2 protein chains.
Amino acid sequence: MKPLLHDYWRSSACYRVRIALHLKGVDFDTHVVDLAAGDQRSEAWRAENPQGLVPMLEIDGHRLVQSLAIMDYLDARHEQPPFVPKDPAARSHVLAMALVVACDIHPLNNLRVLRHLKGELGQSQEAADEWYRHWVREGLAALEAMAAPGAGRFLAGDEIGFADICLVPQLYNARRFDVPLAPYPTLARVEASCLALPAVAAAHPDVAREIGAKEKMA
Amino acid sequence: MKPLLHDYWRSSACYRVRIALHLKGVDFDTHVVDLAAGDQRSEAWRAENPQGLVPMLEIDGHRLVQSLAIMDYLDARHEQPPFVPKDPAARSHVLAMALVVACDIHPLNNLRVLRHLKGELGQSQEAADEWYRHWVREGLAALEAMAAPGAGRFLAGDEIGFADICLVPQLYNARRFDVPLAPYPTLARVEASCLALPAVAAAHPDVAREIGAKEKMA
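Keep in mind it's a predicted model, so treat the numbers as computed, not measured.

J.: Can you help me understand the sheet that holds strand β2 (residues 29-32) of chain A in this one?
T.: Two pairing modes exist for strands in a sheet, parallel and antiparallel, and in both the strands are linked by backbone hydrogen bonds. All names here are of chain A. Here 4 strands make up an open sheet; going across it, the order is β2-β1-β3-β4 and the pairing mixed. Two strands in the sheet have a free side with no partner beyond their single neighbour: β2 and β4 (62-65). Taken pair by pair, the neighbouring strands of this sheet meet at an average axis angle of 20°, ignoring direction. Here strand β1 (residues 4-7) pairs with β2 via 4 bridges, running parallel. Bridging from a neighbouring strand, H6 pairs with H31 of β2. The strands that helix α1 (residues 12-23) touches are β1 and β3 (56-59); relative to β1, the one it contacts most, it runs at about 155°.

J.: Teacher, can you tell me more about the nonpolar core here?
T.: A:W131, A:F162, A:L187, B:W131, B:F162 and B:L187 are the most contacted members of the largest nonpolar core, which totals 155 residues. Contact partners of A:W131, with chain neighbours within four places excluded, come to A:L108, A:N109, A:V113, A:L114, A:L117, B:V113, B:H116, B:L117, B:L121 and B:W131.

J.: Could you clarify how one ought to interpret the interface of chain B and chain A in this entry?
T.: Contact with chain B, which involves 40 residues of that partner, is made by 40 residues of chain A. Together, the buried faces of chain B and chain A total about 3,600 Å²; carbon and sulfur atoms form 67% of this surface. Seen at the junction of chain B and chain A, the total is 4 salt bridges. One salt bridge in this structure joins A:R91 and B:D72, with 2.6 Å as the shortest N-O distance. For the side of chain B that touches chain A, the secondary structure elements donating two or more residues are β4 (62-65), α3 (67-77), α4 (88-109), α5 (111-118) and α6 (125-147) of chain B. Considering only residue class, the side of chain B that touches chain A consists of 27 nonpolar, 7 polar and 6 charged.

J.: Help me understand empty space enclosed by the protein in this model?
T.: Over the atoms rolls a probe the size of a water molecule, and its path tells where empty space is left. Across all of its chains, the model carries 2 cavities of 30 Å³ or more by this definition. For the largest cavity, the calculated volume is near 210 Å³. Forming the walls of the largest cavity are 16 residues, and the residues nearest its centre are A:L68, A:L95, A:F162, B:L68 and B:L95. Of all the secondary structure elements, the ones that give two or more residues to the lining of the largest cavity are α3 (67-77) and α4 (88-109) of chain A together with α3 and α4 of chain B. Considered as a void within the structure, the second largest cavity measures approximately 40 Å³ in volume. Contributing elements (two or more residues each) for the lining of the second largest cavity: β2 (29-32) and α10 (205-217) of chain B. Per element, the largest residue contribution to the lining of the second largest cavity is 3 residues, and it comes from α10(B). Tallied by class, residues from the lining of the second largest cavity come to 4 nonpolar, 2 polar and 2 charged.

J.: What exactly am I supposed to notice about the domain arrangement of chain A here?
T.: Residue and element names in this part refer to chain A. What the domain assignment lists for chain A is domain 1 (4-81 + 203-217) and domain 2 (88-199). Centre-to-centre separation of domain 1 and domain 2, based on C-alpha positions: 20 Å. Between domain 1 and domain 2, the contact holds 21 residues from the first and 19 residues from the second. In this assembly, domain 1 packs against domain 2 so that about 1,800 Å² is buried in total across both faces, 67% of it on carbon and sulfur atoms. At the boundary of domain 1 with domain 2, the tally comes to 0 salt bridges. Counting only elements with at least two residues in the side of domain 1 that touches domain 2, the list comes to α1 and α3. Of the residues forming the side of domain 1 that touches domain 2, the biggest block, 8 residues, is contributed by α1. Per-class residue counts for the side of domain 1 that touches domain 2 are 13 nonpolar, 4 polar and 4 charged.

J.: Looking at this structure, I do not really get the packing of aromatic side chains. What am I missing?
T.: Any pair of aromatic rings gets described here by the distance separating the centres and the angle formed by the planes. Under the defined criterion, the tally for this structure stands at 11 aromatic pairs over all chains. Aromatic pair B:F83 and B:F162: ring centres 6.3 Å apart, planes at 80°, arrangement edge-to-face. Taken together, the positions of B:F83 in the loop between α3 and α4 and B:F162 in helix α7 (residues 162-176) put the pair 79 residues apart, joining distant regions of the chain. Aromatic pair B:W131 and B:W135: ring centres 5.6 Å apart, planes at 75°, arrangement edge-to-face. Taken as a pair, B:W131 and B:W135 lie in helix α6 at a separation of 4 residues, close to a single helical turn. Taken together, the ring pairs in this structure connect A:W131, A:W135, B:W131 and B:W135 into an aromatic cluster. Directly above the ring of A:F83 sits A:K24, whose terminal nitrogen or CZ lies 4.2 Å from the centroid.

J.: Even after reading the chapter, I still don't get the packing of α4(A) against helix α7 (residues 162-176) of chain A, so can you show me in this structure?
T.: All names here are of chain A. Where α4 contacts α7, the two axes come as close as 7 Å, and the packing angle between them is 30°. Overall, the two elements α4 and α7 adopt an arrangement that is roughly parallel. Taken as a pair, α4 and α7 cross one another with a handedness that is left-handed. Residues V94, L95, M97, A98, V101, I105 and H106 of α4 lie in contact with α7, whose contacting residues are F162, A163, C166 and Q170.

How each quantity is defined
Along each chain, the written sequence defines residue order, and numbers are assigned to residues from 1. Written order decides the labels, with chains lettered from A and ligands numbered from 1. Given that the model is predicted, a residue must reach a pLDDT of at least 70 before its local features are reported, and side-chain atom pairs must reach 80 or more before they are shown or counted; all residues, however, enter totals for whole chains, interfaces and linings. With hydrogens and water stripped out, all remaining heavy atoms of the structure feed into the side-chain values. The pairing criterion for strands is at least two bridges between them, as found by DSSP. In DSSP terms, a helix is any run of H or I states spanning at least four residues, a strand is any run of E spanning at least two, and both are numbered starting from the N terminus. For helices, the fitted line uses only the C-alpha atoms of the stretch in contact; every axis is such a line through C-alpha atoms, and the angle between N-to-C directions lies from 0 to 180 degrees. Any two residues whose heavy atoms approach within 4.5 Å are treated as being in contact. We define a nonpolar core as any set of buried Ala, Val, Leu, Ile, Met, Phe, Trp, Tyr and Cys residues linked to one another through side-chain atoms lying within 4.5 Å. Categorising residues by exposure relies on relative accessible area from a 1.4 Å probe, with only protein chains included: less than 20% of the type maximum marks a residue as buried, more than 50% marks it as exposed, and the intermediate range marks it as partly exposed. When two components associate, each loses some accessible surface as probed by a 1.4 Å sphere; the sum of these losses over both components is called the buried area. Salt bridge, as used here: a side-chain nitrogen of Lys or Arg that lies within 4 Å of a carboxyl oxygen of Asp or Glu. Amino acids are sorted into nonpolar (Ala, Val, Leu, Ile, Met, Phe, Trp, Tyr, Cys and Pro), charged (Asp, Glu, Lys and Arg) and polar (every other residue, Gly among them). Site definitions follow a grid-based scheme: protein atoms alone, a 1 Å grid, a 1.4 Å probe that fits but cannot get out for cavities, and for pockets an open set with protein on both sides within 12 Å along at least five of seven lines, plus lining residues having an atom within 4 Å of a point. Grid points are joined across faces, edges and corners, and a volume is the space filled by probe spheres set on the points. Delimitation of the domains relies on an automatic or database domain assignment. Working definition: a ring pair exists when centres of Phe, Tyr or Trp rings (six-membered ring for Trp) sit within 6.5 Å. Plane angles under 30 degrees give stacked, over 60 give edge-to-face, the rest tilted. Here, over-ring charges are defined by two tests on the NZ atom of lysine or the CZ atom of arginine: distance to the ring centre within 6 Å, and angle to the ring normal within 35 degrees. Angular relationships are summarised with four words: roughly parallel below 35 degrees, roughly antiparallel beyond 145, roughly perpendicular across 65 to 115, and oblique for the angles in between. Handedness of a helix crossing follows the sense of rotation of the near helix relative to the far helix, less than a right angle counterclockwise being left-handed and clockwise being right-handed.

Here you go:
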């Protein structure tokens, strides 16, 4: 049975997992959990995943959640290309860059948080947008400083890995909110290297949206 | 040269790293970055760590940041006790539980975010506290559901690991904000098992505060 990705095209965390699956050459089916329509709060989806989030990957008889934990699984099961270096310090550096995105930027800026700001906290759209841009700027500045000394084609040399997989969706997302990317030349250059790879292009939200639309029709 | 931990007693991320160091039996010195006093925004500290965050660990000639990436390094360099199982799916499950804390709860509730809510967004202390409790409740409910089926003495059986190391500081923190923990019996039971270990007790914020005060006097 093919792996099944519970996916939403615009979710950064789903986008990471799609990149990882394509890089490892793992063919998969898609089930759409439409976050914009509120599918994640449905009883049906909560029964599948109590946290009510995406992505979830059904693979090899397991149900895996949390994008970085899914990427770790794929990396353990499929050797090429490796997502982290073998040297413990180099590996820690790659993970640290991935975690700047996954812990210090993305969690503050995903859909459920922006909705909470505008709903429960009564903030304007403008205030929510500025909140978004604030945390992106803070995080990307840190990431640029961490990456600049060691970056090659990718964030940690010339092999794509964990940190790059987190970077691509974050920059896609930043553009949606009109965050100027000029202050982060290393990140912009690495993003271009990533997007030039067919595996990364195949994971793009526009492609995922189209696949999702077909799945819903079927 | 002994490893040097740049630490703040009340930071959850620092607390994780202290637990990890003590569990691995790594002796270390402490340098206090006093977040309450704003040390993290000083030019001196930004020169050390561009992100201006703690923890940072200087070890074996490396400067490591991001608590989970530091824990990964310690686990790679010091075999016992292992922080993750060897089986890829079991490992992914442990990481997923750790990431619920590290990505879905903690980033929304740390000091810089609560300050931003009260400062730039003009929220009351009460609204900031309720924001805090909201994300803790969401995250702990998810973690309880994920952990309950497989928990033993610890979150993923009878060995302490990555997820437990993230749980202990999160529950310490939740209590400070008066979040009722009765709905999470598995988490509370596992926390008690953790706190009974001398290595975990040695990492407690009260101990760290005392060590920090001595370091500042020296």
